[in-house]
Amino acid sequence: MSDSVLHSLIREFGAAIGLEEMAFDDQQRCNLMFDDVPVSLELSGGEDSLYIYSVLGPEPAEGAKELYSELLKANYAFAQTGGATLALDPGGGGIVLMREEPLEILHLPQLEALIENFVNTAEGLIASVAEASLSNAAQAIDSEPGGQAGDGDGAPMAGTMRV
């Protein structure tokens, strides 16, 4: 898919969701927020694939083994990930749902359906990660007198467009 066709596809998608000015930034990335679900679209280095990813939450300070066990089960045969993969960001960015799509087969209807399914999947997984984090924080507070649950900043990435 040529660069101009891809940028045209992203503009069409933006128009379809009410973001007339949607475009990739200088890093070939576009950050969106669907309700409380952050989604990034990013061109691969060779510009032959589109990466779609969402940060589901931070790595847990407590109860990581239990949470990771559940996430690995969800990851098995893409059972609960809708064709995406769960991972830990090696840079400390948290738990990530990610998917790679070849650009040559993407057209507006496929892109719309792909992102809708991705957002729905991410939304469910974000809830699961948050629930596990709250449960673990409550257990930590109960076990430490005077403890307080900290809440991360939860701020979307710079340049995020809310949908």
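This text goes with the structure placed above it.
All of the points below concern the structure found in this document. What you see is a predicted model, and the numbers here were worked out from it, not measured in a lab.

Rules used throughout
Residues numbered from 1 in each chain as written. Predicted model: local features only at pLDDT ≥ 70, side-chain atom pairs only at ≥ 80, totals over all residues. Heavy atoms only, no water. Helix = DSSP H or I, 4+ residues; strand = E, 2+ residues; numbered from the N terminus. Buried < 20%, exposed > 50% of the residue type's maximum accessible area, 1.4 Å probe, protein only. Polar contact = N/O pair within 3.5 Å; in protein donor to acceptor, adjacent residues only side chain to side chain. Contact = heavy atoms within 4.5 Å. Pairing = 2+ DSSP bridges. Axes fitted to C-alpha atoms, helices over the stretch in contact; angles between N-to-C directions. Salt bridge = Lys/Arg side-chain N within 4 Å of Asp/Glu carboxyl O.

### Let's talk about the side chain of Ser49
- Structurally, the position occupied by Ser49 is in strand 3 (residues 49–57).
- Looking at Ser49, the relative accessible area reads 7%, which means it is buried.
- A polar contact is formed between the side chain of Ser49 and the side chain of Glu100, at a distance of 2.8 Å.
- Those residues in contact with Ser49 that sit more than four places away from it in its chain are Glu42, Leu43, Ser44, Glu100, Glu101, Pro102 and Leu103.

### Describing the sheet that holds strand 2 (residues 37–43)
- Reading across from one edge, 4-5-3-2-1-6 is the order of the 6 strands in this open sheet, with mixed pairing throughout. Among the strands making up the open sheet, the edge pair consists of strand 4 (85–88) and strand 6 (161–162).
- Here strand 4 runs beside strand 5 (residues 95–102); their pairing, made up of 4 bridges, is antiparallel. Bridging from a neighbouring strand, Leu88 pairs with Ile95 of strand 5.
- Contacts between helix 2 (residues 64–75) and the sheet are confined to strand 4 and strand 5, with strand 4 contributing the most and set at about 150° to the helix.

### Some words on the pattern of salt bridges
- Under the criterion given, the structure shown has 3 salt bridges.
- Its salt-bridge partner being Glu42, residue Arg29 comes within 3.0 Å of it at the nearest N-O pair. Of this pair, Arg29 sits in strand 1 (residues 29–34) while Glu42 is found in strand 2, placing the two residues 13 residues apart along the sequence.
- On the basis of relative accessible area, Arg29 is assigned to the partly exposed category, the value being 23%.

### Some details on unusual backbone geometry
- Look at Gln28: it is not a glycine, yet its phi comes out positive at around 60°.
- Tracing the backbone through its elements, the reader meets Gln28 in the loop between helix 1 (3–16) and strand 1.
- Located in the positive-phi region is Asp35, a residue other than glycine, with phi close to 55°.
- Using a relative accessible area of 56% as the deciding quantity, one classes Asp35 as exposed.

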